[in-house]
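The residues making up each chain are set out below.
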Amino acid sequence: MKYKHRNFIKNSAIAFGTPHLNSLYSNYDEFEDDDCGLLKNVCDIHVHASPDTKGRAVDEIDFALDAKNAGYRAVMYKSNAWSCHDRAFLVRCAVSEFECFGSLCMNTCVGDKVNVRAAELAVETAGNFCKCIWMPTIDSVYQNESEGRKGVGIPVLSMDGVVLPEVVRVMEICAKADIIFATGHSSPHESLIMAKKAKEIGVSKFVVTHANSLIWKLSEDKIKELIDLGAFIEFSYLPCLWGSGTKLPEFDRMPEPEFISFVKINPERSFVSTDLGQVGMPNPISGMRNCIELMLNSGVSKHDVDMLVRENPAKLLGLVRAFRARESGKVSVNHSEILPTVRCQ
């Protein structure tokens, strides 16, 4: 079956000599579960939404409702500048029978270094909806140095390359709570050092953030090394969407074949997120639909697509305790092991 892959052209609009992306800028009323079931049980665990300190194309409640209507199983929000795990409780009050989660980024909003107390409070917040603690993102040392700001940012390693005590403590908190510890905008080298420490501590949900994107892009050998250390690898679809003719023209668009080469490396230990929600960029639901169509039409098996957008992100969210039955080489989900939706009381 050939899936309808959006070709980024709408009304024959061409911007700056490249195909325009208007075909992905869909209206909310289009987000109904389609006959192909492409979006059924999808879990997107990297979405930006309002309220935030930056303008966002979607808000947390409306997007959760749209995602539910589209067939999603779950969404996890990310804010670089503030917490969103607490608001997940309220989103669930507004949108019933849907798995909504939040996360916490260790940026300057919680201090000038990785804040252990903030992590402790995040996992203690009512509902236990904080499912990820990210190391510094926009305030990371690596991003600041890459943008020409030396000596600025929140570190994760000491001057001699050792994982800082506060980072180790957050790893321990994540391990105990069984939630994601994500590398954020750390450098490839920093991510590798942290992966080694996480394995030593026993972090079961160590995630390397958008390993196919910009200054964080990893080689296939490095990805395999991180996987051998127990890491899950996140691949973001956003780099396939930005570039000339979009609202994020400063970044070079990733060719689709390159994206496909990344997701094929090891689907068993990877997942795909959209990283969407920016004003003027495609709605995350349109982006996810297009991404799934692209993968299926590019030779990624349905089994592997399921791993990338359903099973692995659901596992990282703690929605399924035991995923895979290897009898006869088939994949199955034990539905008795799927955790119940926590409702607003």
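Procedures and definitions
Residues numbered from 1 in each chain as written. Predicted model: local features only at pLDDT ≥ 70, side-chain atom pairs only at ≥ 80, totals over all residues. Heavy atoms only, no water. Axes fitted to C-alpha atoms, helices over the stretch in contact; angles between N-to-C directions. Helix = DSSP H or I, 4+ residues; strand = E, 2+ residues; numbered from the N terminus. Parallel < 35°, antiparallel > 145°, perpendicular 65-115°, else oblique. Contact = heavy atoms within 4.5 Å. Nonpolar A, V, L, I, M, F, W, Y, C, P; charged D, E, K, R; others polar. Phe/Tyr/Trp six-rings, centres within 6.5 Å; stacked < 30°, edge-to-face > 60°. Buried < 20%, exposed > 50% of the residue type's maximum accessible area, 1.4 Å probe, protein only. Lys NZ or Arg CZ within 6 Å of the ring centre and 35° of its normal. Arc of directions from axis to C-beta. Core = buried A, V, L, I, M, F, W, Y, C linked by side-chain atoms within 4.5 Å. pLDDT = per-residue confidence, 0-100. Polar contact = N/O pair within 3.5 Å; in protein donor to acceptor, adjacent residues only side chain to side chain.

K.L.:
Just to check I follow, could you spell out the packing of helix α8 (residues 256-263) against helix α9 (residues 284-297) for this structure?
P.N.:
In helix packing, the relevant descriptors are the interaxial angle and the interaxial distance, both defined with respect to the helix axes. Here α8 crosses α9 at 80°, and the two axes come no closer than 10 Å. Regarding the angle of α8 to α9, the classification is roughly perpendicular. Taking contact as the criterion, the partners of E256, F259, I260 and V263 in α8 are, on α9, C291, L294 and M295. Tallied by class, residues from the contact of α8 with α9 come to six nonpolar, no polar and one charged.

K.L.:
Can you walk me through the packing of aromatic side chains in this structure?
P.N.:
Enumeration over the complete set of coordinates arrives at eight aromatic pairs. Ring centres 6.3 Å apart and planes at 45° place the aromatic pair F89 and F129 in the tilted group. Taken together, the residues F89 in helix α2 (residues 85-94) and F129 in the loop between α3 (116-124) and β6 (130-134) connect sequence positions 40 residues apart. Here F89 falls in the partly exposed class, since its relative accessible area comes to 28%. An aromatic cluster of at least three residues, connected via ring pairs, comprises F63, Y72 and Y77. Positioned above the aromatic ring of F232 is the side chain of R269, whose terminal nitrogen or guanidinium carbon lies 3.8 Å from the ring centre.

K.L.:
Explanation requested: α2 in the structure shown.
P.N.:
For an α-helix, the turn length of 3.6 residues means that residues three or four places apart are oriented alike. Of all the positions in α2, only H85, R87, A88, V91 and R92 are classed as buried. Along α2, the residues classed as buried sweep out an arc of 150° about the axis, all on the same side.

K.L.:
What am I meant to see in the environment of K54 here?
P.N.:
Tracing the backbone shows K54 in the loop between β3 (43-47) and α1 (60-70). Separated by 25 residues in sequence, K54 and S79 have C-alpha atoms that sit 9.2 Å apart.

K.L.:
Please clarify how the nonpolar core should be interpreted in this entry.
P.N.:
Proteins that are soluble and globular tend to have nonpolar side chains buried together. Ranked by size, the top nonpolar core spans 105 residues in total, and within it F259 and M295 carry the most contacts. Of the residues forming this core, the biggest block, seven residues, is contributed by α9.

K.L.:
What exactly am I supposed to notice about the environment of K176 here?
P.N.:
Along the chain, K176 turns up in helix α5 (residues 165-177). Distance in space between the C-alpha atoms of K176 and V123 is 9.8 Å, their sequence separation being 53 residues.

K.L.:
I'm lost on the confidence of the model for the chain in this one. Help?
P.N.:
Where the model shows low pLDDT, its predicted coordinates should not be examined in detail. Overall, the prediction assigns the chain a mean pLDDT of 87, with 83% of residues at 70 or greater. A low-confidence stretch, residues 6-23 (pLDDT under 50), is modelled with 37 contacts involving residues beyond four sequence positions or located in other chains. Contacts for the low-pLDDT stretch residues 322-343, under 50 throughout, to residues beyond four places or in other chains number 41 contacts.

K.L.:
Help me out: how do you make sense of α3 in this one?
P.N.:
Taken together, the buried positions of α3 are V116, A118, A119 and A122. Take α3 and look down its axis: the buried residues cluster within an arc of 160°, on one side only. At its buried positions, α3 is contacted by α2, β5 (99-105), β6 and α5. N-cap assignment for α3: the residue whose side-chain oxygen lies 3.0 Å from the backbone N of R117 is N115.

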